[in-house]
Amino acid sequence: MKVYVAGHRGMVGGAIARKLRERGAEVVCRTHAELDLTDQVAVRDFLASEKPDGVVLAAAKVGGIHANNTYPAEFIYENLMIECNVVHQAFAAGVRKLLFLGSSCIYPRAVAQPMREDALLTGILEPTNEPYAIAKIAGIKLCESYNRQYGTDYRSVMPTNLYGPGDNFHPENSHVMPALIRRFHEAVENGAREVVIWGTGTPRREFLHVDDMAEASLFVFDLAPDAYQANTEPMLSHINVGYGDDVTIAELAGMVAEVTGFQGEISFDSTKPDGTMRKLMDSARLTAMGWKPRVELAEGIRETYQWYLANHIAPVVPAA
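Residues numbered from 1 in each chain as written. Predicted model: local features only at pLDDT ≥ 70, side-chain atom pairs only at ≥ 80, totals over all residues. Heavy atoms only, no water.

**Student:** Go over the sheet that holds strand β2 (residues 26-28) with me, naming the residues and quoting the values.
**Tutor:** Across the sheet, six strands lie side by side as β2-β1-β3-β4-β5-β10; this open sheet has parallel pairing. In the strand order of this sheet, the two ends are held by β2 and β10 (239-241), each with one partner. Averaged over all neighbouring strand pairs, the angle between strand axes comes to 25 degrees, with direction disregarded. Looking at chain direction, strand β1 (residues 2-6) and strand β3 (residues 54-57) are connected through four bridges and run parallel. Each bridged residue has a counterpart across the sheet, and for V5 the counterpart in β3 is V56. Along the sheet, helix α1 (residues 11-22) contacts β1, β2, β3 and β4 (97-101); its crossing angle with β1, the most-contacted strand, is approximately 165 degrees. Here helix α7 (residues 210-222) sits on the sheet and contacts β3, β4, β5 (153-159) and β10; the angle it forms with β4, its principal contact strand, is near 145 degrees. (Pairing = 2+ DSSP bridges. Helix = DSSP H or I, 4+ residues; strand = E, 2+ residues; numbered from the N terminus. Axes fitted to C-alpha atoms, helices over the stretch in contact; angles between N-to-C directions. Contact = heavy atoms within 4.5 Å.)

**Student:** Tell me what's going on with the layout of surface pockets, and back it up with residues and numbers.
**Tutor:** One number sums up the size of the second largest pocket: a volume of about 210 Å³. If you trace the second largest pocket, you find 15 residues lining it, with N147, T152, Y228, Q229 and P234 closest to the centre. Elements with a minimum of two residues in the lining of the second largest pocket: α5 (130-150), β5 and α8 (225-230). Taken together, the residues of the lining of the second largest pocket break down into four nonpolar, six polar and five charged. (1 Å grid on protein atoms, 1.4 Å probe; cavity = no way out; pocket = protein on both sides within 12 Å on 5 of 7 lines; lining within 4 Å. Points joined across faces, edges and corners; volume = space filled by probe spheres on them. Nonpolar A, V, L, I, M, F, W, Y, C, P; charged D, E, K, R; others polar.)

**Student:** Outline the sheet that holds strand β13 (residues 278-279), supporting the account with residue identities and numerical values.
**Tutor:** Spatially, three strands are ordered β11-β8-β13 in an open sheet, and the strand pairing comes out mixed. Pairing within the sheet leaves two strands with one partner each, and these edge strands are β11 (247-248) and β13. Bridge count for strand β8 (residues 204-205) against β11 is two bridges, and the pairing is antiparallel. Paired with R205 across the two strands is V247, which belongs to β11.

**Student:** Describe the nonpolar core, and please don't skip the residues or the numbers.
**Tutor:** Of all hydrophobic cores here, the largest spans 39 residues; its most connected members are Y4 and L37. The set of elements that each furnish at least two residues to this core consists of β1, α2 (40-50), β3, α4 (72-92), β4, α5 and β5. In this view, Y4 contacts V28, R30, L35, L37, F46, L47, P52, G54, V55 and V56; residues no more than four positions away in its chain are not counted. Within the second largest apolar cluster, 32 residues are counted, among which are L99, L208, I239 and W291. (Core = buried A, V, L, I, M, F, W, Y, C linked by side-chain atoms within 4.5 Å. Buried < 20%, exposed > 50% of the residue type's maximum accessible area, 1.4 Å probe, protein only.)

**Student:** Give a description of the environment of C143 that names residues and reports values.
**Tutor:** With respect to the helices, strands and loops of the structure, C143 is situated in helix α5. Once residues lying within four places of it in the same chain are set aside, the contact partners of C143 are V87, L98, F100, Y154, R155 and S156.

**Student:** Mind laying out unusual backbone geometry, listing which residues take part and the relevant values?
**Tutor:** Of the consecutive residues Q113 and P114, the connecting peptide bond is found in the cis state with omega at -5 degrees. Tracing the backbone through its elements, the reader meets P114 in the loop between β4 and α5. Despite not being glycine, L121 has its phi angle at roughly 65 degrees, a positive value. Structurally, L121 can be placed in the loop between β4 and α5. A relative accessible area of 59% places L121 in the exposed class.

**Student:** Which residues make up the side chain of S217, and what are the values?
**Tutor:** Counting through the fold element by element, S217 comes out in helix α7. Among the residues examined, S217 registers a relative accessible area of 0% and is labelled buried. With near-sequence residues (within four places) excluded, S217 lies in contact with I16, L99, L101 and V157.

Right, dumping it as C-alpha coordinates:
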(Lines give C-alpha, C1' and ligand atoms only; values in the text may rest on other atoms or scores of the structure.)
Protein backbone atom coordinates (compact mmCIF):
# COMPACT_ATOMS: atom_id res chain seq x y z
CA MET A 1 0.00 0.00 0.00
CA LYS A 2 1.21 3.50 -0.85
CA VAL A 3 0.41 5.96 1.94
CA TYR A 4 1.03 9.70 2.09
CA VAL A 5 1.75 10.79 5.67
CA ALA A 6 1.19 14.52 6.06
CA GLY A 7 3.15 15.78 9.04
CA HIS A 8 5.85 13.10 9.09
CA ARG A 9 8.27 15.43 10.88
CA GLY A 10 5.88 15.81 13.80
CA MET A 11 5.91 13.47 16.75
CA VAL A 12 2.84 11.39 15.89
CA GLY A 13 3.22 11.61 12.12
CA GLY A 14 6.79 10.36 12.41
CA ALA A 15 5.72 7.44 14.59
CA ILE A 16 2.96 6.47 12.16
CA ALA A 17 5.32 6.69 9.16
CA ARG A 18 7.85 4.49 10.97
CA LYS A 19 5.26 1.85 11.81
CA LEU A 20 3.89 1.87 8.27
CA ARG A 21 7.37 1.20 6.90
CA GLU A 22 7.84 -1.63 9.40
CA ARG A 23 4.71 -3.19 7.91
CA GLY A 24 6.11 -2.93 4.39
CA ALA A 25 4.04 0.01 3.15
CA GLU A 26 5.43 2.53 0.68
CA VAL A 27 5.40 5.79 2.64
CA VAL A 28 5.37 9.11 0.79
CA CYS A 29 6.48 12.21 2.72
CA ARG A 30 7.21 15.84 1.95
CA THR A 31 8.74 18.51 4.17
CA HIS A 32 7.10 21.92 4.53
CA ALA A 33 9.80 23.38 2.27
CA GLU A 34 8.87 20.82 -0.40
CA LEU A 35 5.09 21.10 -0.02
CA ASP A 36 3.16 23.89 1.70
CA LEU A 37 -0.11 22.28 2.75
CA THR A 38 -1.84 25.67 2.94
CA ASP A 39 -1.23 26.06 -0.83
CA GLN A 40 -4.22 24.53 -2.61
CA VAL A 41 -2.60 24.30 -6.02
CA ALA A 42 0.57 22.72 -4.66
CA VAL A 43 -1.43 20.09 -2.73
CA ARG A 44 -3.59 19.39 -5.78
CA ASP A 45 -0.58 18.86 -8.04
CA PHE A 46 1.23 16.69 -5.48
CA LEU A 47 -1.68 14.31 -4.81
CA ALA A 48 -2.64 14.15 -8.49
CA SER A 49 0.93 13.13 -9.30
CA GLU A 50 1.55 10.68 -6.45
CA LYS A 51 -1.93 9.08 -6.38
CA PRO A 52 -1.48 7.35 -3.00
CA ASP A 53 -3.78 4.53 -1.93
CA GLY A 54 -4.29 6.20 1.44
CA VAL A 55 -3.57 9.41 3.33
CA VAL A 56 -2.81 9.97 7.01
CA LEU A 57 -3.42 13.63 7.90
CA ALA A 58 -1.27 14.24 10.98
CA ALA A 59 -0.04 17.69 9.91
CA ALA A 60 -1.20 20.63 12.04
CA LYS A 61 -0.10 23.84 13.68
CA VAL A 62 0.04 22.93 17.37
CA GLY A 63 1.11 24.46 20.66
CA GLY A 64 0.28 24.93 24.33
CA ILE A 65 -1.85 27.53 26.14
CA HIS A 66 0.64 30.35 25.55
CA ALA A 67 0.89 29.73 21.80
CA ASN A 68 -2.89 29.33 21.38
CA ASN A 69 -3.54 32.57 23.26
CA THR A 70 -0.88 34.50 21.37
CA TYR A 71 -1.52 33.32 17.80
CA PRO A 72 -5.26 32.45 17.51
CA ALA A 73 -5.53 33.67 13.91
CA GLU A 74 -2.66 31.46 12.74
CA PHE A 75 -4.05 28.47 14.60
CA ILE A 76 -7.49 28.59 13.00
CA TYR A 77 -6.37 29.71 9.53
CA GLU A 78 -3.47 27.32 8.99
CA ASN A 79 -5.29 24.28 10.36
CA LEU A 80 -8.43 24.94 8.33
CA MET A 81 -6.39 25.42 5.17
CA ILE A 82 -4.38 22.23 5.72
CA GLU A 83 -7.50 20.14 6.33
CA CYS A 84 -9.52 21.57 3.46
CA ASN A 85 -6.69 21.21 0.98
CA VAL A 86 -5.62 17.69 1.93
CA VAL A 87 -9.12 16.22 2.28
CA HIS A 88 -10.54 17.77 -0.86
CA GLN A 89 -7.51 17.16 -3.05
CA ALA A 90 -7.24 13.58 -1.78
CA PHE A 91 -10.80 13.08 -2.96
CA ALA A 92 -10.05 14.78 -6.30
CA ALA A 93 -7.06 12.45 -6.78
CA GLY A 94 -9.20 9.36 -6.18
CA VAL A 95 -7.92 8.54 -2.69
CA ARG A 96 -10.61 6.41 -1.09
CA LYS A 97 -9.05 5.94 2.35
CA LEU A 98 -7.95 8.74 4.69
CA LEU A 99 -7.29 9.06 8.43
CA PHE A 100 -7.58 12.47 10.10
CA LEU A 101 -5.96 13.11 13.48
CA GLY A 102 -7.80 15.56 15.70
CA SER A 103 -7.54 16.54 19.36
CA SER A 104 -9.37 16.14 22.66
CA CYS A 105 -9.90 19.92 22.74
CA ILE A 106 -12.87 19.45 20.38
CA TYR A 107 -15.07 18.75 23.41
CA PRO A 108 -16.86 21.44 25.45
CA ARG A 109 -15.16 22.99 28.47
CA ALA A 110 -17.93 21.88 30.85
CA VAL A 111 -18.50 18.27 29.82
CA ALA A 112 -19.08 15.05 31.72
CA GLN A 113 -15.93 13.04 32.39
CA PRO A 114 -14.71 10.89 30.82
CA MET A 115 -15.53 12.59 27.52
CA ARG A 116 -17.61 10.52 25.12
CA GLU A 117 -17.69 11.00 21.37
CA ASP A 118 -21.33 12.13 21.52
CA ALA A 119 -20.33 15.15 23.65
CA LEU A 120 -19.16 16.89 20.47
CA LEU A 121 -20.97 20.19 19.78
CA THR A 122 -22.98 20.04 23.00
CA GLY A 123 -21.47 23.10 24.72
CA ILE A 124 -19.03 26.02 24.78
CA LEU A 125 -15.38 25.28 24.03
CA GLU A 126 -12.40 26.15 26.23
CA PRO A 127 -11.67 29.82 25.32
CA THR A 128 -7.87 29.49 25.39
CA ASN A 129 -7.82 27.09 22.43
CA GLU A 130 -11.19 27.63 20.75
CA PRO A 131 -9.76 28.57 17.31
CA TYR A 132 -7.70 25.37 17.17
CA ALA A 133 -10.64 23.30 18.40
CA ILE A 134 -12.98 24.78 15.78
CA ALA A 135 -10.49 23.83 13.06
CA LYS A 136 -10.27 20.25 14.35
CA ILE A 137 -14.06 19.94 14.49
CA ALA A 138 -14.17 21.16 10.90
CA GLY A 139 -11.73 18.39 9.95
CA ILE A 140 -14.05 15.74 11.39
CA LYS A 141 -17.02 17.19 9.56
CA LEU A 142 -15.08 17.41 6.30
CA CYS A 143 -14.39 13.69 6.46
CA GLU A 144 -17.99 12.85 7.36
CA SER A 145 -19.40 15.09 4.63
CA TYR A 146 -17.26 13.56 1.89
CA ASN A 147 -18.24 10.10 3.12
CA ARG A 148 -21.95 10.99 2.97
CA GLN A 149 -21.84 12.64 -0.42
CA TYR A 150 -19.19 10.64 -2.25
CA GLY A 151 -18.96 7.30 -0.46
CA THR A 152 -15.33 7.77 0.58
CA ASP A 153 -13.79 6.02 3.59
CA TYR A 154 -12.40 8.97 5.55
CA ARG A 155 -12.02 8.34 9.29
CA SER A 156 -11.06 10.43 12.31
CA VAL A 157 -9.30 9.66 15.57
CA MET A 158 -9.18 12.03 18.54
CA PRO A 159 -6.10 11.55 20.73
CA THR A 160 -5.69 12.67 24.29
CA ASN A 161 -2.49 14.55 25.26
CA LEU A 162 0.42 12.89 23.48
CA TYR A 163 4.07 12.74 24.45
CA GLY A 164 7.21 10.79 23.65
CA PRO A 165 10.30 10.79 21.44
CA GLY A 166 10.09 13.47 18.76
CA ASP A 167 8.09 15.87 20.92
CA ASN A 168 8.42 19.65 20.66
CA PHE A 169 10.52 21.07 23.51
CA HIS A 170 10.37 24.73 22.45
CA PRO A 171 10.37 26.99 25.55
CA GLU A 172 7.23 28.89 24.41
CA ASN A 173 5.30 26.65 22.03
CA SER A 174 5.47 23.23 23.67
CA HIS A 175 2.75 21.27 25.47
CA VAL A 176 2.83 20.56 29.19
CA MET A 177 4.85 17.32 29.23
CA PRO A 178 7.87 18.46 27.15
CA ALA A 179 7.69 21.91 28.77
CA LEU A 180 8.02 20.35 32.22
CA ILE A 181 10.83 18.03 31.13
CA ARG A 182 12.81 20.95 29.74
CA ARG A 183 12.21 23.21 32.73
CA PHE A 184 13.13 20.61 35.34
CA HIS A 185 16.22 19.56 33.38
CA GLU A 186 17.36 23.17 33.12
CA ALA A 187 16.65 23.70 36.83
CA VAL A 188 18.94 20.79 37.67
CA GLU A 189 21.64 22.05 35.30
CA ASN A 190 21.46 25.57 36.74
CA GLY A 191 21.27 24.47 40.36
CA ALA A 192 17.86 26.12 40.85
CA ARG A 193 16.12 25.51 44.14
CA GLU A 194 12.60 26.15 42.83
CA VAL A 195 10.52 25.50 39.72
CA VAL A 196 7.38 27.63 39.29
CA ILE A 197 4.59 26.14 37.16
CA TRP A 198 1.67 27.97 35.56
CA GLY A 199 -1.71 27.53 37.24
CA THR A 200 -2.77 25.85 40.44
CA GLY A 201 -1.51 22.36 39.65
CA THR A 202 -5.00 20.92 40.21
CA PRO A 203 -6.17 20.33 36.60
CA ARG A 204 -6.09 16.69 35.60
CA ARG A 205 -4.63 15.48 32.32
CA GLU A 206 -4.44 12.15 30.53
CA PHE A 207 -1.24 11.30 28.65
CA LEU A 208 -0.75 8.72 25.90
CA HIS A 209 2.64 7.66 24.54
CA VAL A 210 3.09 8.47 20.85
CA ASP A 211 3.87 4.84 19.97
CA ASP A 212 0.52 3.80 21.43
CA MET A 213 -1.17 6.54 19.40
CA ALA A 214 0.53 5.36 16.22
CA GLU A 215 -0.63 1.80 16.85
CA ALA A 216 -4.18 2.99 17.58
CA SER A 217 -4.24 5.12 14.44
CA LEU A 218 -3.25 2.22 12.21
CA PHE A 219 -5.66 -0.05 14.05
CA VAL A 220 -8.51 2.29 13.06
CA PHE A 221 -7.06 2.85 9.58
CA ASP A 222 -7.01 -0.93 8.99
CA LEU A 223 -10.51 -1.69 10.28
CA ALA A 224 -12.80 -3.27 7.71
CA PRO A 225 -15.52 -0.80 6.65
CA ASP A 226 -18.28 -2.84 8.26
CA ALA A 227 -16.39 -2.98 11.58
CA TYR A 228 -15.77 0.77 11.54
CA GLN A 229 -19.35 1.58 10.62
CA ALA A 230 -20.72 -0.80 13.24
CA ASN A 231 -19.02 1.25 15.98
CA THR A 232 -19.71 4.74 14.63
CA GLU A 233 -22.46 6.83 13.04
CA PRO A 234 -22.32 8.73 9.72
CA MET A 235 -22.22 12.14 11.47
CA LEU A 236 -20.63 10.93 14.70
CA SER A 237 -17.81 8.92 13.24
CA HIS A 238 -14.73 10.01 15.20
CA ILE A 239 -13.07 7.64 17.67
CA ASN A 240 -11.41 8.67 20.93
CA VAL A 241 -7.92 7.39 21.72
CA GLY A 242 -6.83 7.65 25.35
CA TYR A 243 -4.74 6.03 28.04
CA GLY A 244 -7.68 5.43 30.36
CA ASP A 245 -6.38 7.29 33.44
CA ASP A 246 -5.24 10.81 34.33
CA VAL A 247 -3.04 12.68 36.82
CA THR A 248 -3.00 16.21 38.21
CA ILE A 249 -0.45 18.66 36.84
CA ALA A 250 1.11 18.67 40.31
CA GLU A 251 1.44 14.87 40.23
CA LEU A 252 2.93 15.04 36.74
CA ALA A 253 5.42 17.66 37.88
CA GLY A 254 6.49 15.37 40.71
CA MET A 255 7.03 12.48 38.31
CA VAL A 256 9.09 14.63 35.94
CA ALA A 257 11.10 16.03 38.84
CA GLU A 258 11.96 12.50 39.96
CA VAL A 259 13.01 11.41 36.46
CA THR A 260 15.21 14.47 35.92
CA GLY A 261 16.70 14.37 39.42
CA PHE A 262 15.29 17.71 40.60
CA GLN A 263 15.14 17.86 44.40
CA GLY A 264 14.09 21.49 44.98
CA GLU A 265 10.70 23.06 45.63
CA ILE A 266 7.81 22.91 43.15
CA SER A 267 5.45 25.89 43.37
CA PHE A 268 2.46 27.07 41.35
CA ASP A 269 1.54 30.51 39.99
CA SER A 270 -2.22 30.73 40.44
CA THR A 271 -2.34 34.04 38.53
CA LYS A 272 -1.73 32.08 35.32
CA PRO A 273 -4.54 30.18 33.54
CA ASP A 274 -5.24 26.54 34.30
CA GLY A 275 -7.12 25.81 31.10
CA THR A 276 -9.72 23.05 31.21
CA MET A 277 -9.86 21.44 34.66
CA ARG A 278 -10.11 17.88 33.38
CA LYS A 279 -9.77 16.17 29.99
CA LEU A 280 -10.16 12.42 30.31
CA MET A 281 -11.20 10.54 27.18
CA ASP A 282 -13.77 7.78 27.10
CA SER A 283 -12.09 5.28 24.78
CA ALA A 284 -14.72 2.55 25.17
CA ARG A 285 -15.45 2.50 21.43
CA LEU A 286 -11.85 1.69 20.62
CA THR A 287 -11.13 -0.72 23.46
CA ALA A 288 -14.32 -2.66 22.66
CA MET A 289 -12.83 -3.30 19.21
CA GLY A 290 -9.69 -4.84 20.72
CA TRP A 291 -7.10 -2.05 21.13
CA LYS A 292 -5.44 -0.97 24.37
CA PRO A 293 -2.35 1.11 25.29
CA ARG A 294 0.89 -0.59 26.35
CA VAL A 295 3.30 2.11 27.60
CA GLU A 296 2.98 3.02 31.30
CA LEU A 297 3.25 6.76 32.10
CA ALA A 298 6.35 6.54 34.33
CA GLU A 299 8.14 4.40 31.74
CA GLY A 300 7.13 6.78 28.96
CA ILE A 301 8.42 9.85 30.84
CA ARG A 302 11.80 8.18 31.37
CA GLU A 303 12.04 7.24 27.70
CA THR A 304 11.05 10.76 26.61
CA TYR A 305 13.64 12.35 28.89
CA GLN A 306 16.37 10.10 27.52
CA TRP A 307 15.36 11.11 23.99
CA TYR A 308 15.49 14.78 25.00
CA LEU A 309 18.99 14.33 26.42
CA ALA A 310 20.18 12.55 23.28
CA ASN A 311 18.65 15.00 20.80
CA HIS A 312 18.50 18.42 22.45
CA ILE A 313 21.41 18.57 24.88
CA ALA A 314 24.87 19.23 23.43
CA PRO A 315 27.43 16.75 24.77
CA VAL A 316 30.13 18.13 27.02
CA VAL A 317 33.44 18.28 25.14
CA PRO A 318 36.46 17.67 27.42
CA ALA A 319 39.01 20.47 27.51
CA ALA A 320 42.13 19.84 25.45
